[in-house]
Amino acid sequence: MRERWKRPAAVVAAVAVAEAAAMLLRPRTGLADPAPVNAESYFSPAELDRARRFSRPQLALYGGIAAVKAGALAALVRRPPPLRPAAAGAVLALTTSVAPLPLAALARRRAVDVGLVTQSWSGWAGDVAKSLALGAAEGAAFGAGAMWFVRRLGDRWWIAGSGAAVATGAAFTYAAPVVLAPIFNRFTDLPEGPARDDVLELAGRAGLKVGRVLEMDGSRRSTAANAYVTGLGPTKRVVLYDTLIRDFTREETRLVVAHELAHVRYRDVQRSLLYTALVTPPAALAVARIAGGDPTLPALAAAAAAIGIPIGLIANALSRVVERRADTYALEATGDHQAFVDFQRRITLKNIGDPDPPRWLHRLLGTHPSTVQRIGLALATAPTAG
């Protein structure tokens, strides 16, 4: 009877720890609640219709991609490849990446049709080839490492395995900006000009050391605009897409810079790693219980994917609050609430996003506040609000 409850108990414990970790790391200060906003007040019926006609079929295609990956993984669980662990890991990674490529190509075709994607098909094929090569290498390393722990440590493999997983995640966070990202994009130091001046002024005012501030050639693939913070220590950097600098006003770009600096100020990259460190041991135990004794590599991968779903949903909810705090900081640092509203409208139209997705869907998959929530935040914190 005790054996029978080990699996569900381990899964429940992993999810409970993830929820507790999210509550522990959830921002408690620097937040404001958004005012209620109707999408129709800021977007025309035609704009809303275009966004939904594009985004909702895309979401269905992404769901299909996930289902195909799950089916490919299930097939490998039923018939594990009779290979050494490193080779089996490479095959697993390649199989689950190649199987959904037709659906990925269809999603890309739709993005090309609406003008969102600008890269040639040959360029896309080159990126796919690079991704497959990197995925095979990572899969081989995962396969060799995971099975080494299983064979050497038996039922207690998950203890050392979780430590190795956390260390690997931290190493990737440190190295990815300087090792992996340049394989796909070109990064240059932000040149002298208004954008660089604003970064230095905002960072100096907040007493922040931001590392490098880089411009990325996002326009080589897409018309979409974005920005992000990545790296640790010497590799820490703020990255702005060239499309953001080119297509948006200085005031709007300044708001994006302030938002990214908020992630530096609040050490959000480090806090994300802490979340990973807290949830990985119980998640690894749950994987061990689901996969059973003497597991195959595909069984381990399938168990990890299964336990990753609820933990990922909890992480999404935490991310939305973290991003709301960054928005609040950006509004306080710049004081330009109207530019924030204008930017949210313009970037949503540019990226062909749904400004107000169904609530249940956003609660499950959203990592950022929706556009209407972000506009509502600007309205709620404006000097005349209330």
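Here goes a summary of the coordinates provided. Keep in mind the model is a prediction, meaning the values are calculated, not measured. (Residues numbered from 1 in each chain as written. Predicted model: local features only at pLDDT ≥ 70, side-chain atom pairs only at ≥ 80, totals over all residues. Heavy atoms only, no water.)

### Re helix 4 (residues 101-113)
For step 1, the next point in the chain: With 13 residues, helix 4 should reach 18 Å at 1.5 Å per residue; the first-to-last C-alpha distance of 18 Å fits that figure.
For step 2, the next point in the chain: Listed in full, the buried residues belonging to helix 4 are Ala107, Arg108 and Ala111. End-on, the buried residues of helix 4 take up no more than an arc of 100°, which puts them together on one face. Relative to its buried face, helix 4 has exposed residues pointing more than 90 degrees away, namely Pro102 and Asp113.
For step 3, the next point in the chain: Looking at the buried positions of helix 4, the neighbouring elements they touch are helix 2 (45-78) and helix 5 (121-153).
For step 4, the next point in the chain: Backbone geometry just downstream of helix 4 places glycine 115 in the positive-phi region, at approximately 85°. (Helix = DSSP H or I, 4+ residues; strand = E, 2+ residues; numbered from the N terminus. Expected span 1.5 Å × (residues − 1). Buried < 20%, exposed > 50% of the residue type's maximum accessible area, 1.4 Å probe, protein only. Arc of directions from axis to C-beta. Contact = heavy atoms within 4.5 Å.)

### Some details on the nonpolar core
For step 1, the next point in the chain: Residues Val210, Leu240, Leu244 and Leu261 are the most contacted members of the largest nonpolar core, which totals 47 residues.
For step 2, the next point in the chain: In contact with leucine 240, other than residues within four places in its own chain, are Leu190, Leu214, Glu215, Met216, Asn226, Ala227, Ile245 and Val257.
For step 3, the next point in the chain: The next biggest cluster of nonpolar side chains, apart from the first, holds 33 residues, and it includes Ala22, Ala88, Ala283 and Leu318. (Core = buried A, V, L, I, M, F, W, Y, C linked by side-chain atoms within 4.5 Å.)

### So, the sheet that holds strand 3 (residues 227-230)
For step 1, the next point in the chain: Pairing in this open sheet of four strands is mixed, and the strands run 1-2-4-3 from one edge to the other. The sheet terminates laterally at strand 1 (187-189) and strand 3, the two strands that pair on one side only. Adjacent strand axes in the sheet meet at a mean angle of 30° when their direction is disregarded.
For step 2, the next point in the chain: Bridging between strand 2 (residues 212-216) and strand 4 (residues 237-241) involves five bridges; their strand directions are parallel. Bridging across to strand 4, arginine 212 finds its partner in arginine 237.
For step 3, the next point in the chain: Against the sheet, helix 10 (residues 250-265) touches strand 3 and strand 4, its axis set at about 20° to strand 3. (Pairing = 2+ DSSP bridges. Axes fitted to C-alpha atoms, helices over the stretch in contact; angles between N-to-C directions.)

### As for the pattern of salt bridges
For step 1, the next point in the chain: What the rule picks out here adds up to 20 salt bridges.
For step 2, the next point in the chain: Put simply, arginine 52 and aspartate 354 hold a salt bridge, and the shortest N to O gap is 3.5 Å. Of this pair, arginine 52 sits in helix 2 while aspartate 354 sits in the loop between helix 13 (337-351) and helix 14 (359-365), placing them 302 residues apart in sequence.
For step 3, the next point in the chain: The partly exposed category is assigned to arginine 52, whose relative accessible area is 25%.
For step 4, the next point in the chain: Relative accessible area serves as the criterion here: at 14%, aspartate 354 is assigned to the buried category.
For step 5, the next point in the chain: Residues glutamate 201 and arginine 205 are paired through a salt bridge, measuring 2.6 Å at the closest nitrogen-oxygen approach. Placement of the pair is glutamate 201 and arginine 205 together in helix 8 (residues 194-206), with a separation of four residues, close to one helical turn.
For step 6, the next point in the chain: Given the relative accessible area of 33%, glutamate 201 is considered partly exposed.
For step 7, the next point in the chain: Bridged by salt links that share partners, the residues Asp198, Glu201, Arg205, Arg250 and Arg254 form one connected network. (Salt bridge = Lys/Arg side-chain N within 4 Å of Asp/Glu carboxyl O.)

### Some details on the packing of aromatic side chains
For step 1, the next point in the chain: Tallying each qualifying case throughout the model produces four aromatic pairs.
For step 2, the next point in the chain: Taking 6.3 Å as the distance between ring centres and 80° as the angle between the ring planes, the aromatic pair formed by tyrosine 266 and tyrosine 329 counts as edge-to-face. Placement of the pair is tyrosine 266 in the loop between helix 10 and helix 11 (268-291) and tyrosine 329 in helix 12 (residues 297-334), with a sequence separation of 63 residues.
For step 3, the next point in the chain: Taking the relative accessible area as the measure of exposure, tyrosine 329 reaches 10% and is therefore buried.
For step 4, the next point in the chain: Positioned above the aromatic ring of tyrosine 266 is the side chain of arginine 325, whose terminal nitrogen or guanidinium carbon lies 3.9 Å from the ring centre. (Phe/Tyr/Trp six-rings, centres within 6.5 Å; stacked < 30°, edge-to-face > 60°. Lys NZ or Arg CZ within 6 Å of the ring centre and 35° of its normal.)

### Here we look at the packing of helix 8 against helix 10
For step 1, the next point in the chain: The contact between helix 8 and helix 10 brings their axes to 10 Å, and the two run at 40°. Taken together, the axes of helix 8 and helix 10 lie oblique to each other. Relative to helix 10, the crossing made by helix 8 is right-handed. Between helix 8 and helix 10, the contacting residues are Pro194, Asp197, Asp198, Val199, Glu201, Leu202, Ala203 and Arg205 on the first element and Arg250, Arg254, Val257, Ala258 and Leu261 on the second.
For step 2, the next point in the chain: For the contact of helix 8 with helix 10, the residue count by class is seven nonpolar, no polar and six charged. (Parallel < 35°, antiparallel > 145°, perpendicular 65-115°, else oblique. Left-handed = near helix turned anticlockwise from the far one by under 90°. Nonpolar A, V, L, I, M, F, W, Y, C, P; charged D, E, K, R; others polar.)

### Observations concerning the pairing of strand 3
For step 1, the next point in the chain: In terms of strand pairing, strand 3 meets strand 4 through four bridges, oriented antiparallel. Residue pairing in the sheet places alanine 227 in a bridge with leucine 240 of strand 4.
For step 2, the next point in the chain: Counted along the chain from strand 3 to the antiparallel partner strand 4, the turn is six residues long, and its residue glycine 231 has a positive phi close to 90°.

### A word on a nonpolar patch on the surface
For step 1, the next point in the chain: Side chains of Leu59, Tyr62, Trp360, Leu364 and Leu365 sit close together on the surface and give an oily, nonpolar patch of about 510 Å² of accessible area.
For step 2, the next point in the chain: Listing elements by their share of the nonpolar patch, those giving two or more residues are helix 2 and helix 14.
For step 3, the next point in the chain: Here leucine 364 is to be found in helix 14.
For step 4, the next point in the chain: Leucine 364 gets classed as partly exposed once you look at its relative accessible area, which sits at 36%. (Patch = residues over 30% accessible without salt bridge, like charges linked within 9 Å, V, L, I, M, F, W, Y side chains within 5 Å. Areas by Shrake-Rupley, 256 points an atom, 1.4 Å probe, with all protein chains shown as cover.)

### Details of the pairing of strand 2
Here is the key point about a regular strand: its side chains alternate between the two faces of the sheet.
For step 1, the next point in the chain: One ladder, built from three bridges, connects strand 1 with strand 2; its direction is antiparallel. Looking across to strand 2, one finds that aspartate 189 is bridged to leucine 214.

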